[in-house]
Every structure is written in C-alpha cells, then in structure tokens.
Amino acid sequence: MESTKDRDRLNSHNPSLDKWLRFLIIVVLVLGIFFRFANLGKKVYWIDESYTSLRLSGYTESEFIQQVVDGESRDIKFLQKYQRINSEKTVVDTVKGLALEEPQLAPLYFVATRFWVQLFGDSVAVTRSMSAVFSLLALPCMYWLCLELFDSSLTAWLAVSLLAVSPFQIVYAQEARPYSLFVLIILLSSAALLRAMRLKTNSSWAIYAVTVALGFYSHLLFALVVLGHGIYVALSENMRFNKTVIGYFIAASAGFIALFPWTVVYLINSQNVSDKIAWQSLRIPISKLVLNFVLNIIRQFFDVGLYSDLPRLYFLLTIPVILMILIIVGYSFYLLLSQTERRVWLFVMTLTCVTLAIFLPADLIWGGMRSINTRYMIPCYLGMQIAVSYFLAVKMTSPQVTMQLLKLWRLALAALLSIGIISCCIYLPADSWWNKDRSYINIPIARTVNSASRPLLITDLWVYSVDTIGNLLSLSYLINSPAKFLVLPPKIVKIPPNFNEIFLYGISRELKTEIEKNTRYEIPTLYTLQNQHIILRKLLKK
C-alpha cells in the first residue's frame, strides 16, 4: 500500500528529470490550448449542434415546424433565422424551449452559451468556443483533483498533460454541446469532495454542495457521479454514520434540492424525453458493442478517425498501438489497486465503474447502446486517465528504476503524449469526424447543390424526424444562395415547376411513393449513408 515514503518519492526532486518534464509539460499545455481553439469553424455543424443554436435563438422546434413546414419555397439562408440570436427572443425563451421539448438537457450550458454569443457573436466558431473555454478550465481542475488524491504534483502534472492532448477531449472541446462543461464539473466537484473530506469544515462542504448543484444543471447524468461519490464516502468511512457521511449527505441533498424545479419540468414533459432518447434502446450485435467499447477507450489517447465500419486492413495497421494502450490502461488499474491507499484506489474505481456498472449490463440484458455512447461514459474515461497518470508517475520515480529504465519510461510518456498530439493534428483540418456521423454527408451534398443551376432542395416531415430538422439547419451553413428549399407538410405533394434542378433530401418512403405514383418524375439516387439509407435523390422528368 502507498505510504508516506511513497508519496515523498513521487514528490522528490530529480533536477534533470524536473527540467525535462517541465519543458515537456509546457509544450504539451501550449499545444493543448492551441488544439482547443484552432479551426473552430472548420467542421460540419451537425444535427446536435444545430439544435444547440435553435435553443440559443429562443425558437422552439414547434415554432420551426409551424413556420417552415408549409410547402413554400424560400432562400436556404432563411433557416439561419432559427440559428441566430434575435431581438424577438431572450434567454428565458432558451430555457422554455429546453423545458418543453428537451428537458433531458440541463440548462446551464445553454444559458451560459447564450450570454457568450450575445457578447462575442453567434458564428459557428464563437458558439463552439464556449466549449473550448470550459475544456481549458478543466485542466486546473484535473490538477487540483490529482493533488488532493495523490498529494503528488508529478502525478497531477502528468494527468493535466494527458488531458490537454487527449483526442477525445479535443473533439468535445470543439463541439457546441454541454460535454466539456460536464468534464469540468466532474473534476471540480470531485476535487471539492476530497477537500471537504480532508478539512471537514462547513465551508468546504458548502463549496461541494454548490458544485453538486452546478453539476446537476450541467448534465443530468451527473447524478451517477454523485452516486459514485456517495459510495466512496460510505466505504471510506466503513459504513459509519459520522460527521463526514452527514456532511456529504447534507451537501448532496442541498444540490439535489436546487435541481427540484428542473425535476418537475422533466417529469411534466417526460414524453418528449422518451421520444428524443429512443435511439439508445436500439439493439446492436454484441461484437459491435465490444468493438465500439474498446475503440472508445483507445480514443482517450489515440484517434485517427477509427470507427467500427472501417476496412479491416485499417484496423490491422493500428493494432500495435491499440494493444499498447489497452495494456497500459489495464496495468495502470492493477498498479493503482495494489500500491495505493484504499482512499485513493477506491475513489478512482467509483469514478470509473459506477456509470459503467449501470449502462453496460442494461445494454447486454435488454439491448441498447448506452455504454458505447462516449458522452455518457465521460466519468469512466476520466478515471482511466487518472490511473494512467499514476502509473507513469510511479514508474518514473521508483527507487528500483535504473537509468536505462528511466529513459524507457520517459520514452513511454513521450510516445503516449505524441500519439495524442498526432491524433489532434489529424483531427484539426478534417471537415468531419466520428462524433458527427449523422451529418458528414452534408458536405458533399452541399457541393452538389451549390454546383447546380437554379436548384431546389425538397424535404418533408410526413414522419417526424429530428435528423431531418437538424440536418436541414446544418445545410443552411453549407448551401449558398440563390439555392431554395421547401419542406412539404404531411399528405401534400407539390413540386414547383420553375427550377432547373430539384433534389430530394432525406425524404420519407411515403413521399417517395406518392411522387412516383402521381407525378411524371423518376427518382435516381445520388448519395447513400453507410447504413444504406438513401439521403439524396434527384427529380428527373420521365
């Protein structure tokens, strides 16, 4: 078990090592800042981000449908009305829209980003930059958490370095969604908990209570983090009802009580929640579940665009790196469990395992894909990175280490950081990535429509579809005027005659059948998604 001597060893000063590490950490932090803010407007603004801007604008989805789904042709840039801040709507409308239509999304991120874009503009880059700021603030929180946990500045700096150039963290630092805020609050609240348990003062528990309230309002899945904290406190105190347990209970209860208004909103509009998250229950083969689970672990350290449907050769070429990462992660947890005090390994394990223990069995027993949804598993990934940081710190300061082994462990650290940096360099210039899989096709579609003569883009909402609405809004950033669009309401087939080229975007089967049956058009396919769903067709006169 970890002793005072072990902690002193982790904090001991090796001048040459300190100099080398200091330089490496500074370089990594500078690169981490650069990666978070570079090319923020480059990638496709995908479905979920379009819905973020819809919320920020203050318009609801219902208002969008009522005002747009009428069969009238309009300039494609008309859709930007529902993506921009305007004088008609306020931050209150942003909260109302979430409350009525997406109460599963806590409002803190959207309120903060609404004020952010009011100050600095509502371009894609500015909207995404709020997430980049949250991700940047997570770095000192990681340092604080590891310092509370290990009492080792070396381990803390290594954890910050891994987080700074983690490809996964960079991906979500550049997305206009609440996930980098979720990362920030998890780290902040966890550090505040450990501090409160150490100091045992009312003010420290009050600070923890505030972080719990902020956590609930940043992401409702923060409830699982608080549950993990509760398990940790109870086991750390050997299930005794003492002042520490009472302090945690009061602070966590205060944070939950602060969420009460949003809990009422959630319960009242729970039907809308069921509709929005129904995709989580889609059954996928166990083999695909396992493969994606492994890929998500790898993405914390190495990500060159891997996804489960890539050709086998691509995977074969990356297998050595994948195996290396899996071995490091596995051995890191072994080392953590065998060499640290109970209070240390227990915290990392509860942070890592509580969310996993809930979602993975549910997917295996009832079917679904919750455990491979990277956004839900963020606490697990943070636990992995903390464990790996401890592993590297121990190996680089072990009294048994020879100069040759020290060089080897320095090389291992440099290699792990390097593959993260290389991954980020590959990610930055790309115009899409795996997290935008339902909108990547919009880029070639926009090129096709922009090159057409007097084009019209037709879609429909005969069958309600979040993807149709979100992707249509996404296309409004990519397609240029004078291209027009129209959205056909249910049971109406009305094709305007005064356009040279007419495209059908993601139309329903019902509309396709009606066009083929009652008009003189044939409908060739132009673009098909990986799941064989046809996304773009063209109308040609027979």
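Above this text sits the structure in question.
Bear in mind the structure is a predicted one, so any value in this text is a computation, not a measurement.

Rules used in this analysis
Residues numbered from 1 in each chain as written. Predicted model: local features only at pLDDT ≥ 70, side-chain atom pairs only at ≥ 80, totals over all residues. Heavy atoms only, no water. Helix = DSSP H or I, 4+ residues; strand = E, 2+ residues; numbered from the N terminus. Buried < 20%, exposed > 50% of the residue type's maximum accessible area, 1.4 Å probe, protein only. Polar contact = N/O pair within 3.5 Å; in protein donor to acceptor, adjacent residues only side chain to side chain. Contact = heavy atoms within 4.5 Å. Expected span 1.5 Å × (residues − 1). Salt bridge = Lys/Arg side-chain N within 4 Å of Asp/Glu carboxyl O. Patch = residues over 30% accessible without salt bridge, like charges linked within 9 Å, V, L, I, M, F, W, Y side chains within 5 Å. Areas by Shrake-Rupley, 256 points an atom, 1.4 Å probe, with all protein chains shown as cover.

J.: Mind showing me how you'd approach unusual backbone geometry here?
T.: Negative phi characterises most residues that are not glycine, and trans characterises most peptide bonds. In this structure, Pro482 follows Ser481 across a cis peptide bond, with omega equal to 10 degrees. Considering the arrangement of structural elements, one finds Pro482 in the loop between α22 (466-475) and β3 (484-488). One non-glycine residue, Asp151, lies in positive phi territory at about 55 degrees. Structurally, Asp151 is set in the loop between α7 (124-150) and α8 (153-164). Residue Asp151 is classed as partly exposed on the basis of its relative accessible area, which comes to 43%. Within the chain, Asn238 stands out as a residue other than glycine whose phi angle is a positive 55 degrees. Relative to the helices and strands, Asn238 is located in the loop between α12 (222-236) and α13 (243-258). Residue Asn238 is classed as partly exposed on the basis of its relative accessible area, which comes to 47%.

J.: Explain the side chain of Gln174 to me, please; I cannot follow it from the model alone.
T.: Looking at the secondary structure, you find Gln174 in the loop between α9 (167-173) and α10 (179-199). Exposure remark for Gln174: the relative accessible area of 2% places this residue in the buried category. Within the structure, the side chain of Gln174 is placed 3.2 Å from the backbone oxygen of Arg36, a separation counted as a polar contact. Of note is the side chain of Gln174, whose polar atom sits 3.5 Å from the side chain of Tyr427. Dropping the residues within four chain positions of it, Gln174 is found in contact with Phe35, Arg36, Phe37, Ala38, Asn39, Leu40, Lys43, Glu49, Arg128, Tyr427 and Leu428.

J.: Which parts of the structure should I look at to understand helix α20 (residues 403-427)?
T.: For an α-helix, the turn length of 3.6 residues means that residues three or four places apart are oriented alike. Its 25 residues give α20 an end-to-end C-alpha distance of 36 Å, which sits within 8% of 36 Å, the value for a rise of 1.5 Å per residue. Buried within α20 we find Leu406, Arg410, Leu413, Leu416, Leu417, Ile419, Gly420, Ile421, Ser423, Cys424 and Tyr427.

J.: I keep staring at the pattern of salt bridges and nothing clicks. Help me out?
T.: Evaluation of the coordinates by the stated rule reveals 17 salt bridges. Between Glu63 and Lys89 there is a salt bridge whose closest N-O contact spans 2.9 Å. With a gap of 26 residues between them, Glu63 in helix α4 (residues 61-68) and Lys89 in the loop between β1 (74-75) and α5 (91-101) connect regions that are remote in the sequence. In this structure Lys89 comes out as buried when scored by relative accessible area, which is 13%. Notably, a salt bridge pairs Arg198 with Glu148, separated by 2.7 Å at the nearest N-O pair.

J.: Any chance you could explain a nonpolar patch on the surface here in plain terms?
T.: A surface patch of nonpolar side chains, about 430 Å² in accessible area, is lined by Leu227, Ile231, Leu235, Met239 and Ile358. Counting residues per element, the nonpolar patch draws most heavily on α12, which supplies three residues. Relative to the assigned elements, Met239 resides in the loop between α12 and α13.

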